[in-house]
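Spelled out, the chains give:
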Amino acid sequence: MTLFGDPTLWLPATFAALMGLSILIYVVLDGFDLGVGLLSPLATESERDRMVASIGPFWDANETWLVLAIGLLLVAFPTAHGQILSTLYLPVAVMLVGLILRGVAFEFRVKAPITQKRNWDWAFFAGSALASLSQGYMLGAYVLGLAPGPLTWAFAALTAVFLTVAYSFIGATWLIYKAEGALQKKAVAWARGGIWGLLGGLAAVSIASPIASARIFEKWFSFPEIVLLAPMPLGFALIAALLVLALRRLPTSDDSWAWFPFVATVALFCLAFVGLAYSFYPYVVPDQLTIYEAAAAPESLAIILAGTVFVLPVILGYTALAYTIFRGKAGLLSYD
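Keep in mind that what you see is a predicted model, and the values were worked out from it rather than measured.

J.: Help me understand the overall build of the chain in this model?
T.: Scanning the chain from terminus to terminus reveals 15 helices and two strands. Computed over C-alpha atoms, the radius of gyration of the chain comes to 21 Å, within 12% of the 20 Å expected from 2.2 N^0.38 for 336 residues, which places it in the range of a compact globule. Each principal axis of the C-alpha distribution contributes one length, and for the chain these read about 60 × 40 × 40 Å. Split into buried and exposed, the 336 residues of the chain put 47% on the buried side. Sequence-distant contacts, at least 24 apart, represent 80% of the contacts inside the chain between residues at least 6 apart. When the accessible area of the chain is evaluated, it comes to approximately 15800 Å², of which 74% is carbon and sulfur surface.

J.: How should the nonpolar core be read in this particular structure?
T.: Across soluble globular proteins, you tend to see nonpolar side chains buried next to one another. Judged by nonpolar contacts, the single largest core of 87 residues is most densely connected at F77, A80, W190 and V284. The element that contributes the greatest number of residues to this core is helix α1 (residues 7-39), accounting for 15 residues. Contacts of F77, omitting those with residues within four sequence positions, involve P12, F15, A16, M19, L72, I291, A294 and A295. Counting residues in hydrophobic clusters, the runner-up holds nine residues, among them F155, V205, I216 and W220.

J.: Quick question: what am I supposed to make of the pattern of salt bridges here?
T.: Once their charged atoms are close, side chains differing in charge can pair, the charge on each being opposite to the other. Counted according to the given criterion, the structure contains eight salt bridges. The partner of K117 in a salt bridge is E45, with the nearest N and O atoms 3.5 Å apart. Taken as a pair, K117 in helix α7 (residues 117-143) and E45 in helix α2 (residues 45-55) lie far apart in primary sequence, 72 residues in all. The shortest N-O distance in the salt bridge between D255 and K329 comes to 2.8 Å. Separated by 74 residues along the polypeptide, D255 in the loop between α12 (231-249) and α13 (260-280) and K329 in the segment after α15 (298-325) bring together distant segments of the chain. Take D255: its relative accessible area is 29%, and that puts it in the partly exposed class.

J.: Would you mind going over the environment of T308 with me for this structure?
T.: With respect to the helices and strands, T308 occurs in helix α15. Relative accessible area serves as the criterion here: at 10%, T308 is assigned to the buried category. Sequence spacing of T308 and K178 is 130 residues, and the spatial spacing of their C-alpha atoms is 32 Å. Apart from the residues lying within four places of it in its own chain, the contact partners of T308 are F15, L18, L72 and P313.

J.: Is there a simple way to explain the environment of L158 in this structure?
T.: Within the element layout of this structure, L158 appears in helix α8 (residues 150-178). Each C-alpha atom of the pair L158 and V97 lies 21 Å from the other, and the pair is 61 residues apart in sequence.

J.: Even after reading the chapter, I still don't get a nonpolar patch on the surface, so can you show me in this structure?
T.: A cluster of nonpolar side chains, F217, F221, F223, I226 and V227, forms an exposed patch at the surface whose accessible area comes to about 540 Å². Mapped onto the secondary structure, V227 falls in helix α11 (residues 225-228). Among the residues examined, V227 registers a relative accessible area of 48% and is labelled partly exposed.

J.: It is not clear to me how the packing of aromatic side chains should be interpreted in this structure. Could you clarify?
T.: Two descriptors summarise a pair of aromatic rings, namely the distance from one centre to the other and the angle between the planes of the rings. Across all of its chains, the model carries 19 aromatic pairs by this definition. When the centroid spacing of 4.1 Å and the interplanar angle of 20 degrees are considered together, the rings of F32 and W174 count as stacked. Pair noted here: F32 is in helix α1 and W174 is in helix α8, with a separation of 142 residues, a long-range link. Residue F32 is classed as buried on the basis of its relative accessible area of 0%. For W174, a relative accessible area of 3% corresponds to the buried category. Through successive ring pairs, a cluster of aromatic residues spans F32, F58, W174, Y177, F262, Y323 and F326. A cation sits over an aromatic face here: K219 above Y278, 4.5 Å from the ring centre.

J.: I'm lost on the packing of helix α10 (residues 214-221) against α13 in this one. Help?
T.: Two measures define how a pair of helices packs: the angle their axes make with one another and the distance between the axes. For the pair α10 and α13, interaxial distance at closest approach is 9 Å and the crossing angle is 115 degrees. Relative to α13, the crossing made by α10 is right-handed. For the pair formed by α10 and α13, the contact residues are R215, I216, K219 and W220 on the first element and G275, Y278, S279 and F280 on the second. Residues belonging to the contact of α10 with α13 are distributed by class as follows: four nonpolar, two polar and two charged.

About the criteria used
- Counting restarts for each chain: residues are numbered from 1 in the order of the written sequence.
- Selection of residues for local features in this predicted model requires a pLDDT of at least 70, selection of side-chain atom pairs for listing and counting requires 80 or more, and totals for whole chains, interfaces and linings are taken over all residues.
- As a convention, hydrogens and water are excluded, and side-chain values are obtained from all of the structure's heavy atoms.
- Helix numbering and strand numbering both begin at the N terminus, where a helix is a DSSP run of H or I of at least 4 residues and a strand a DSSP run of E of at least 2.
- Throughout, radius of gyration means the C-alpha value; the globule benchmark is 2.2 Å times the number of residues raised to the power 0.38.
- Between buried and exposed lies partly exposed: a residue is buried under 20% and exposed over 50% of the maximum accessible area for its type, with that area taken using a 1.4 Å probe on protein chains only.
- Two residues qualify as a contact provided that any one of their heavy atoms is within 4.5 Å of a heavy atom in the partner residue.
- Computed by Shrake-Rupley with a 1.4 Å probe, the accessible areas treat only the displayed protein chains as cover when residues are assessed.
- For the purposes of this section, nonpolar cores are sets of buried Ala, Val, Leu, Ile, Met, Phe, Trp, Tyr and Cys residues that join through side-chain atoms within 4.5 Å.
- In the sections that follow, a salt bridge refers to a side-chain nitrogen of Lys or Arg positioned within 4 Å of a carboxyl oxygen of Asp or Glu.
- What makes a patch is a set of residues exposed beyond 30% relative accessible area and free of salt bridges, joined within 9 Å when like-charged and within 5 Å when nonpolar (Val, Leu, Ile, Met, Phe, Trp, Tyr).
- Whether two aromatic rings pair depends on their centres lying within 6.5 Å, for rings of Phe, Tyr and Trp, where Trp uses its six-membered ring; planes under 30 degrees apart make the pair stacked, over 60 edge-to-face, and the rest tilted.
- Whether a charge sits over a ring comes down to the Lys NZ or Arg CZ being within 6 Å of the ring centre and within 35 degrees of the ring normal.
- Think of each axis as a best-fit line through the C-alpha atoms, taken over the contacting stretch in the case of a helix, with angles from 0 to 180 degrees between the N-to-C directions.
- Note: crossing handedness is left-handed where the near helix turns anticlockwise from the far helix by less than a right angle, and right-handed where it turns clockwise.
- Residue polarity follows a fixed list, in which Ala, Val, Leu, Ile, Met, Phe, Trp, Tyr, Cys and Pro are nonpolar, Asp, Glu, Lys and Arg are charged, and the others, Gly among them, are polar.

Printed below as a string of structure tokens:
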């Protein structure tokens with residue numbers, strides 16, 4: 001345990017990094033398939049089938065990262081797990097209901113009688129909306145330190161809307177990459193309409209964080225931090241500008257650069273997440289509980305780390321394998 005120094009320092013930091021990585025991967029991967037569900041009512045029946053086919057091989061495995069993140073929070077930071085989930089009990093319950101409804105609808109819309117298919121399509125949309133809105137609400141409440149009160153509730157509700165828009169946007173960029181023909185053109189139009197909501201939501205969270213916490217304000221705007229952090233907003237602005245320009249020129253006749261909007265959106269998500277992680281470190285519960293105070297005993301963390309070293313590469317491996325095998329344009333979804 002002393003291989004990398006004091007185990008009471010490097011073990012909590014390691015698990016915080018692993019948990020953060022799991023959350024980021026979940027937001028990106030399950031974000032786009034939730035976004036596809038959010039966009040499904042805007043498509044025709046045949047287009048909805050193609051949209052579902054575009055996420056069919058991935059959506060269930062994408063949720064593995066959420067399970068991993070919550071599992072790491074439970075075993076590595078049990079005190080924080082109890083405090084966070086008890087405060088966010090209702091939105092967590094709503095999220096689970098949404099994910100269950102989504103999973104059931106995903107299967108039943110194909111296997112149910114044709115007369116019931118439309119009902120399951122609406123259930124698929126409803127489950128996606130419940131999961132997205134609840135996750136956005138939890139993000140807003142977390143940014144404001146889980147403090148109860150009208151301000152927190154209002155900001156969390158606003159963040160719920162913005163995250164839902166962000167998910168629908170990354171879902172549209174995924175469809176630009178995976179679809180073709182009329183559906184791809186629709187996805188480009190959806191992305192053009194949603195990009196300003198995405199940028200507005202990320203800006204709202206970025207502005208609210210330093211206002212809500214004097215500690216975050218100091219981390220961002222004191223010298224020399226403000227100079228060292230300058231590449232992040234500049235890089236964000238550059239990627240956003242390139243994304244806007246790309247959407248104006250897509251789709252192309254030879255389908256070139258169809259991948260760019262999705263990759264650029266992933267980059268924006270990563271930059272926003274890194275900014276949040278920097279803002280809240282070393283706290284796992286903002287301004288209340290640090291990762292070092294909430295961490296389990298070093299002996300327990302060492303045992304859990306041994307298991308994680310084995311499990312994490314397996315998850316990464318089968319995720320990469322799935323995306324490699326099912327690369328290219330989406331075909332028709334069939335259970336025959």
